[in-house]
Amino acid sequence: MGFCEEDENSSTSIYIVTLKQTPTVLHNHFNNNQGLNLNVEMEKKTKDLMMHRNGSYSRLITKPHKPRNWSRSNRRYAAHISRVHDSLLKKALKGENYLKLYSYHYLINGFAVLVTPEQAEKLSSREEVANVILDYRVRTETTHTPEFLGLPGGAWVQEGGPESAGEGIVIGFVDTGIDPTHPSFSDNLSGERFTVPTHFTGMCEVTMDFPSGSCNRKLIGARHFAASAITRGIFNALYKSFGGFAADVVAAIDQAAQDGVDIISLSITPNRRPPGVATFFNPIDMALLSAVKAGIFVVQAAGNTGPSPKSMSSFSPWIFTVGAAAHDRTYSNSLILGNNATITGVGLAPGTNESTMYTLVSALHALNNDTQDATNLYVNECQDPSILDTAMVQGNLLMCSYSIRFVLGLSTIKQALETAKNLTAVGVVFYMDPYVIGFQINPTPMDMPGIIIPSASDSKILFKYYNSSLEQDLVTNKVKFGATATILGGLEANYSSSAPKVMYYSARGPDPEDSFLDDADILKPNVIAPGSFIWGAWSSVGTDSIEFQDENFAMMSGTSMAAPHIAGLAALVKQKFPGFSPSAIGSALSTTASMHNKKGEPIMAQRAYANPDLNQSPATPFDMGSGFVDVTSALDPGLIFDSSYDDYFSFLCGINGSGPVVLNYTSQNCGNLTINGRDLNLPSITIAKLNQSTTVERVLTNIAGNETYNLSWFAPYGVKVLVTPRRFFIESGQKQVITVSFNATMNSSAASFGRISLYGSQRHIISVPLSVIYKISYNRTDNS
């Protein structure tokens, strides 16, 4: 039986159905608390917090999570949930055709099913059902790096060297696939004989492309989730051009948590903002909330839809969101023109003879007399050597257009290089078609001299020189080429002290709270990490980028490349502090992040697609969050901000009109347990709307030795800030409340930013970014 890709108007679609019954992870929670009602516990915590704010009590830090044990009772409960799903479908759709793709039971209780809209309506009307949501697409947001991050002389040394750094921590990567034969995943690179952590219960799923024995002590497990894509008939062993579907992603997250991973890294984001009361209510984010409840640190790419404001694709406060920064290592080559102008470009290619200038010949001017359609827009892409005149190209630099067809994979650099070789050209110069805007050109491998000019304006400079040097013979009507150039080549790495900087494509805050783009009191992204021109393992049979076919390594860019960096660094923090909650790990990474580049200057953010390095300004928290990750400092953060599942639950309950949705997703009533986003104990403070004045509190826990801290701050423009106390002594293991008062001094809808810094006597430095968007001051008319 075959199915076509569906949309909301087709006869059948895939829906994600969640039930009100408790999932396994919450079932474990209830069992561990002897069946106590969670709301009773939360009410007690709320009372405790209120007493604490009155100075008579202190809130406890979140208890260290224990390794999850997949017990026999858990398996029985999971099997029970699966039977419940089957029974519900049989009752609701009695005698009708449907196809269940997944049963989710660990993090959320639900299933993915292929049904008609009418059948989905029947399921939605069932009392047991909480939500029925149409499945949606998600997309990928896709060395010397250890030195750039300061690992060899810092964090790795502290954790026993690179051989043992992160030992015992399991990271679950949810991405588009993995090649088990790649040397990067070999476990034979070290003499150490590490064992698979006992808390990991996953398996290595065997397929034709993933044979038995593919897993080892480094790649300890692998599973395959593509039922939603396969059902649509658009999956061929590998995903191509998109990240997948939510139904598959939820299944992967659910299984990873059940298998016992410590960290989940998501290099994918939804391709649109979730509809409904708030962006936070969607199957992926709610499954990740349950993962956080189980003690799993969750990392997600911010998205590649920057640099416009509110372009964030990772929304929830329990998710650690990562933006992309430039690497300090670059591969750039240059085209030296005959008029002494220099144009920079990309391309992992050798150069021409630097002492020789070669004639430039555009493919448009090298068409042979047999070319049938010289007006075809694509003849200048150099994909077909038969339409070009060998005598005109031979020994020269062939100029080819890099059009939107290259982006779509309809034309390729490899084919253009083959054309140039067939015509015995010296090299190839790709100029940018003006319709290709905002596309990140990766340094593509070339086996002959070549360069890609990624800037449309630089391409215009090239053509202005080229056209001005053309001469036409009035007798023969032939063109004489006068422009010359040489290619310097781009195989050698260059190192920049202006890195890191926020890349133009990296998604920006403020964090949208809902589909109406109302601002949330949550700072996103959390931090930035290397995401531009990152070398990574590449499957030689991968088809997602034709330019890297048959290659073992590729250099890619995107927030997809930044997120795994944080997952690896979080493993170092988790290894040193095994009792840290997910929020404590995030706090350590955030409060110690750097706000300066290698020169010691403020980190810059690119502001435009075109000529991004000419359109940049100092980065704000909405560009870089707390800053560029510094894991060496994160291993000794001094103080941490801690939050629990109960805090996130109360935050969700505080969203206007969210009560029924929260009940549907969590099976818990909100009651009076509500807090605002600004009151979450996050290592940042964001106020979407400051109406005259407000006060927020943060609770700091000392995980180091006894220490005295001095506080300083600078206020966002248009706001007066007061932080108390200005100085405090805190013993090891104790807590300290700081109170931050905000007063608007002007009316403004423009976001402004500040920062609180805490300087410890033992050299700990904690940094807390402040963001205020709308400011409304109190205007009084005085008639006296």
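Because the structure is predicted, anything quoted here is derived from the model rather than measured.

This next bit is on the overall build of the chain. The helix and strand tally for the chain stands at 19 helices and 37 strands. Counting every position in the chain, which comprises 784 residues, the buried fraction comes to 54%. Summed over its atoms, the accessible surface of the chain is roughly 33600 Å², and 51% of this surface lies on carbon and sulfur atoms.

On to the packing of helix 9 (residues 283-293) against helix 18 (residues 645-653). With their axes 9 Å apart at the nearest point, helix 9 and helix 18 run at an angle of 150° to one another. Between helix 9 and helix 18, the crossing angle belongs to the class labelled roughly antiparallel. The residues of helix 18 that touch helix 9, namely those facing Met286, Leu289, Val292 and Lys293, are Tyr645, Tyr648 and Leu652. Its residues assigned to classes, the contact of helix 9 with helix 18 shows 6 nonpolar, no polar and 1 charged.

Once that is clear, we can look at the environment of serine 633. Relative to the elements of secondary structure, serine 633 occurs in helix 17 (residues 631-634). With relative accessibility at 28%, the residue serine 633 sits in the partly exposed group. Placed 45 residues apart in sequence, serine 633 and alanine 588 show a C-alpha to C-alpha distance of 8.3 Å. Here aspartate 630 takes part through its side chain, which lies 2.9 Å from a polar atom of the side chain of serine 633.

We now examine the pairing of strand 21 (residues 484-487). Here strand 13 (residues 333-337) runs beside strand 21; their pairing, made up of 3 bridges, is antiparallel. Its bridge partner lying in strand 21, leucine 337 is registered against alanine 485. Looking at chain direction, strand 15 (residues 358-362) and strand 21 are connected through 2 bridges and run antiparallel. The residue bridging threonine 359 from the neighbouring strand is threonine 484, located in strand 21.

Bringing the sheet that holds strand 21 into the picture now. Sheet strands pair by backbone hydrogen bonding; their relative direction is either parallel or antiparallel. Across the sheet, 7 strands lie side by side as 14-13-21-15-16-17-18; this open sheet has mixed pairing. Strand pairing shows two members of the sheet lacking a second neighbour, strand 14 (342-345) and strand 18 (450-452), which therefore form its edges. Neighbour-to-neighbour, the strand axes of the sheet open up by a mean angle of 30°, direction not taken into account. The pairing of strand 17 (residues 427-432) with strand 18 spans 3 bridges and is parallel. The residue bridging phenylalanine 430 from the neighbouring strand is isoleucine 452, located in strand 18.

What follows concerns the nonpolar core. Judged by nonpolar contacts, the single largest core of 60 residues is most densely connected at Ile253, Ile284, Trp318 and Leu652. Residue assignment for this core shows that the elements contributing at least two residues are strand 1 (13-19), strand 2 (99-104), strand 3 (110-115), helix 8 (246-259), strand 8 (263-266), helix 9, helix 18 and helix 19 (659-666). By residue number, the principal contributor to this core is helix 8, which donates 9 residues. Contact partners of tryptophan 318, with chain neighbours within four places excluded, come to Phe280, Asp285, Met286, Leu288, Leu289, Val292, Val298, Tyr648, Phe651 and Leu652. If you look at the next biggest cluster of nonpolar residues, it comprises 48 residues, including Leu397, Met446, Leu462 and Ile487.

Turning next to the pattern of salt bridges. This model, assessed by the stated rule, comprises 12 salt bridges. Where lysine 100 meets aspartate 86, a salt bridge forms, and the shortest distance between an N and an O atom there is 2.8 Å. Residue lysine 100 is found in strand 2, and its partner aspartate 86 is found in helix 3 (residues 72-92); the two are separated by 14 residues along the sequence. A salt bridge links aspartate 613 to lysine 501; the shortest N-O distance between them is 2.6 Å. Of this pair, aspartate 613 sits in the loop between strand 27 (604-606) and strand 28 (616-618) while lysine 501 sits in strand 23 (residues 501-502); the two residues are 112 residues apart in sequence, bridging distant segments of the chain. When its relative accessible area of 44% is taken as the criterion, aspartate 613 is described as partly exposed.

The next thing to look at is the packing of aromatic side chains. Under the definition given, this model contains 15 aromatic pairs. A centroid spacing of 6.0 Å and a plane angle of 25° characterise the contact between tyrosine 102 and tyrosine 104, whose relative ring orientation is stacked. Judged on exposure class, the residue tyrosine 102 and its partner tyrosine 104 are both buried. Judged by centre distance (6.2 Å) and plane angle (75°), the ring pair of phenylalanine 406 and phenylalanine 430 falls under edge-to-face. Taken together, the residues span a long stretch of sequence, with phenylalanine 406 in helix 11 (residues 404-408) and phenylalanine 430 in strand 17 at a distance of 24 residues. By relative accessible area, phenylalanine 430 is classed as buried at 0%. Taken together, the aromatic side chains of Tyr102, Tyr104 and Phe225 make up a single cluster linked through ring pairs. Taking NZ or CZ as reference, arginine 405 lies 4.1 Å from the ring centre of tyrosine 378, over its face.

Here we come to the state of the cysteines. For the structure on display, the rule yields 3 disulfides. Sulfur-sulfur distance for the disulfide between cysteine 382 and cysteine 400 comes to 2.1 Å. Here cysteine 382 and cysteine 400 share a disulfide; its torsion about the S-S bond, -100°, makes the bridge left-handed. Of this pair, cysteine 382 sits in the loop between strand 15 and helix 10 (390-393) while cysteine 400 sits in strand 16 (residues 397-402), and the two are 18 residues apart along the sequence. One exposure class covers both cysteine 382 and cysteine 400, and it is buried. Linked covalently through their sulfurs, cysteine 653 and cysteine 670 form a disulfide whose S-S length is 2.0 Å. Its S-S torsion of about -80° marks the bond between cysteine 653 and cysteine 670 as left-handed, since a negative value means left-handed. Note that cysteine 653 is positioned in helix 18 and cysteine 670 in the loop between helix 19 and strand 30 (685-691), a separation of 17 residues in sequence. Each of the two residues, cysteine 653 as well as cysteine 670, counts as buried. In the chain, the cysteines engaged in disulfides, taken in order along the sequence, are linked 1-2, 3-4, 5-6.

Spatially, the 4 strands line up as an open sheet ordered 2-3-1-4, and their pairing is antiparallel. Where the open sheet ends on each side, the last strands, each with one partner, are strand 2 and strand 4 (129-134). Geometrically, the sheet is characterised by an average inter-axis angle of 20° between neighbouring strands, direction not taken into account. Across the sheet, helix 4 (residues 117-124) lies against strand 1, strand 3 and strand 4, angled at about 155° from strand 4, the strand it touches most.

Should the pLDDT be low somewhere, the predicted coordinates at that spot are not to be read in detail. Confidence in the prediction of the chain, expressed as mean pLDDT, is 82, and 80% of residues score 70 or more. Within the model, pLDDT remains below 50 along residues 30-67, and this stretch shows 53 contacts once partners closer than five positions in the same chain are excluded. Every residue in residues 780-784 scores below 50 in pLDDT, and together they form 0 contacts with partners more than four places removed in sequence or on other chains.

With that settled, the discussion passes to a nonpolar patch on the surface. Taken together, the side chains of Ile404, Leu408 and Leu410 define a hydrophobic patch exposed on the protein surface, amounting to about 310 Å² of accessible area. Relative to the helices and strands, leucine 408 is located in helix 11.

What counts and how
- Residues numbered from 1 in each chain as written.
- Predicted model: local features only at pLDDT ≥ 70, side-chain atom pairs only at ≥ 80, totals over all residues.
- Heavy atoms only, no water.
- Helix = DSSP H or I, 4+ residues; strand = E, 2+ residues; numbered from the N terminus.
- Buried < 20%, exposed > 50% of the residue type's maximum accessible area, 1.4 Å probe, protein only.
- Areas by Shrake-Rupley, 256 points an atom, 1.4 Å probe, with all protein chains shown as cover.
- Axes fitted to C-alpha atoms, helices over the stretch in contact; angles between N-to-C directions.
- Parallel < 35°, antiparallel > 145°, perpendicular 65-115°, else oblique.
- Contact = heavy atoms within 4.5 Å.
- Nonpolar A, V, L, I, M, F, W, Y, C, P; charged D, E, K, R; others polar.
- Polar contact = N/O pair within 3.5 Å; in protein donor to acceptor, adjacent residues only side chain to side chain.
- Pairing = 2+ DSSP bridges.
- Core = buried A, V, L, I, M, F, W, Y, C linked by side-chain atoms within 4.5 Å.
- Salt bridge = Lys/Arg side-chain N within 4 Å of Asp/Glu carboxyl O.
- Phe/Tyr/Trp six-rings, centres within 6.5 Å; stacked < 30°, edge-to-face > 60°.
- Lys NZ or Arg CZ within 6 Å of the ring centre and 35° of its normal.
- Disulfide = S-S within 2.5 Å.
- pLDDT = per-residue confidence, 0-100.
- Patch = residues over 30% accessible without salt bridge, like charges linked within 9 Å, V, L, I, M, F, W, Y side chains within 5 Å.

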